[in-house]
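So you can see what is in the structure, the chains are spelled out below.
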Amino acid sequence: MDNIAFGIDIGGSGIKGAKVNLDTGEFIGDRIKIKTPKPATPDAVAETVLEILNQAEWEGPVGITLPSVVKGQIALSAANIDPSWIGTDVHNLFQRHLGGREVSVLNDADAAGLAEVAFGDKRAQQGPVIFLTFGTGIGSALLLDGELFPNTELGHLEVDGREAEHRASSAVKDRKRLSYKKWAKRVSKVMAEYERLFNPQLFIVGGGISREHEEWVPRLDLNTPVIPAELRNQAGIVGAAMAVAKHVAP
Ligand code: BGC
């Protein structure tokens, strides 16, 4: 089989990876997950990525997501990761730790959005669509006819004087023990602002909490349709693998 690459999704709590069949978007073999090292410095994280690749016995190309703006393969922000990532040449970092193999690094929500376009609901491929992930933060991918405008950071848009992700990420729901009803109100407020400013044709919501979409998506009070992502939490890994296979390196 040729059309295979390895995808790694780096998050605040776990680093996950799997071999991906790029014809179907499915995993080949098990997904491997290792806790994010603390502190999650670039070198420590890169060593954890190597451990995952060694466990999987994979020596080929690797796509990697980061919860950060990645421009010219330099990480430019660090909202939920160690501040030492800012200014890191991530391409160089991972190549150094991973034996010089081919590597592409991109934003986690951008990767998930691209995966959804390729393997998820067909509606992601048409018109202006905002893809959002709800997790430790709120990630965004702005799509037009399936093409990505990279590195949008809608989770940091201020809504009523507070950053959107401080108001309505799923981590906030957990921390404050909010019911779905209460949390959905906060999410509505944030998404209504996105709606007002960007006027998308469709919202797609992903991240772990999209598994429970019946609990909260119907409670959102918006004029734009909202559908759950089809790929759920695997999307980052799939998008990362796609990026390296297509030599996408924002
Ligand atoms: C980061 C984004 C990321 C999102 C989801 C935000 O805090 O700034 O780059 O996509 O969290 O992980």
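Above this text you will find the structure in question.
This report concerns the structure included in the present document. Every value quoted in this text rests on a predicted model; they were computed, and no experiment measured them. (Residues numbered from 1 in each chain as written. Predicted model: local features only at pLDDT ≥ 70, side-chain atom pairs only at ≥ 80, totals over all residues. Heavy atoms only, no water.)

## Quick look at the packing of helix α3 (residues 108–119) against helix α8 (residues 235–245)
Angle between the axes and distance between the axes: these two values describe a pair of packed helices. Two elements in contact, α3 and α8, have axes whose closest approach is 7 Å; the angle formed by their N-to-C orientations is 85 degrees. As far as their axial angle goes, α8 and α3 are roughly perpendicular. Contacts from A111, A112, L114, A115, A118 and F119 of α3 reach α8 at A235, G236, V238, G239, A240 and M242. Split by residue class, the contact of α3 with α8 holds 10 nonpolar, 2 polar and no charged. (Axes fitted to C-alpha atoms, helices over the stretch in contact; angles between N-to-C directions. Helix = DSSP H or I, 4+ residues; strand = E, 2+ residues; numbered from the N terminus. Parallel < 35°, antiparallel > 145°, perpendicular 65-115°, else oblique. Contact = heavy atoms within 4.5 Å. Nonpolar A, V, L, I, M, F, W, Y, C, P; charged D, E, K, R; others polar.)

## Comments concerning the pattern of salt bridges
By the definition in use, this model includes 3 salt bridges. Two residues, R123 and D121, come together in a salt bridge whose shortest N-O distance is 3.0 Å. Taking relative accessible area as the criterion, R123 reaches 45% and is therefore assigned partly exposed. With its nearest N and O atoms 2.8 Å apart, the salt bridge here joins D160 to K189. Residue D160 is found in the loop between β11 (158–159) and β12 (162–163), and its partner K189 is found in helix α6 (residues 180–198); the two are separated by 29 residues along the sequence. Judged by relative accessible area, D160 falls into the exposed class, the value being 57%. A relative accessible area of 39% means that K189 is categorised as partly exposed. (Salt bridge = Lys/Arg side-chain N within 4 Å of Asp/Glu carboxyl O. Buried < 20%, exposed > 50% of the residue type's maximum accessible area, 1.4 Å probe, protein only.)

## Describing the layout of surface pockets
Estimated volume of the largest pocket: approximately 900 Å³. Lining the largest pocket are 46 residues; nearest its centre among them are G11, D108, G135, T136 and G137. Of all elements in the fold, only β1 (4–10), β2 (14–21), β3 (26–35), α3, β8 (128–134), β9 (138–144), α5 (170–175) and α8 reach the threshold of two or more residues within the lining of the largest pocket. The residue inventory of the lining of the largest pocket, partitioned by class, reads 11 nonpolar, 24 polar and 11 charged. (1 Å grid on protein atoms, 1.4 Å probe; cavity = no way out; pocket = protein on both sides within 12 Å on 5 of 7 lines; lining within 4 Å. Points joined across faces, edges and corners; volume = space filled by probe spheres on them.)

Keep in mind these values describe shape, not function.
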